[in-house]
Amino acid sequence: MAELSGKLILEALVASGFPSAKVRVFYNKLINRRNKALADLGLDYPPIMAMDSSEEFDYDPQKDAMIEIVTSRNETIAAPDIGWVVVKGRVHTRADVESRAAAKDIEKHQNRCKKIRK
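An account of the accompanying structure is given in this report. Computed from a predicted structure; not experimentally measured.

**Here's the deal with the pattern of salt bridges**
Tallied over the entire structure, the rule returns five salt bridges. Note that Glu 11 and Lys 7 form a salt bridge whose closest N and O atoms lie 2.4 Å from each other. Of this pair, Glu 11 and Lys 7 both sit in helix α1 (residues 6-15), four residues apart, which is roughly one turn of the helix. Among the residues examined, Lys 7 registers a relative accessible area of 54% and is labelled exposed. The partner of Asp 60 in a salt bridge is Arg 94, with the nearest N and O atoms 2.6 Å apart. Here Arg 94 lies in helix α4 (residues 94-99) and Asp 60 lies in the loop between α2 (20-40) and α3 (61-64), a separation of 34 residues in the sequence.

**Re unusual backbone geometry**
The residue Ala 65 is not glycine, and still its phi comes out positive at about 80°. One can find Ala 65 in the loop between α3 and β1 (68-70). Positive phi values are uncommon outside glycine, yet Ile 82 reaches one of about 40°.

Quick notes on the rules
- Residues numbered from 1 in each chain as written.
- Predicted model: local features only at pLDDT ≥ 70, side-chain atom pairs only at ≥ 80, totals over all residues.
- Heavy atoms only, no water.
- Salt bridge = Lys/Arg side-chain N within 4 Å of Asp/Glu carboxyl O.
- Helix = DSSP H or I, 4+ residues; strand = E, 2+ residues; numbered from the N terminus.
- Buried < 20%, exposed > 50% of the residue type's maximum accessible area, 1.4 Å probe, protein only.

In structure tokens, the structure reads:
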């Protein structure tokens, strides 16, 4: 697990065919879990930095650019857009955001988190 680099994790997510919005969320989740696991085991490895400083970030590949990697053959590969965005750290379809269904989901999630924190 310590051998995994941020670049390797990102390449695997893009190669899997995930849309850019999901790549961004999954990357942050995976590196946070990797960093925590190494710390829990008492291993002294530098943490991999997340793409976003907050867990409640917004990301739209049409506005913020798609996630791209460069292969060993110097080819640039982008994770597709295919209609997914991140709103407050949660992945939604662009249609759900436009119909306000995403806002309802985010509100339910925030209420659950408040109950857990109490």
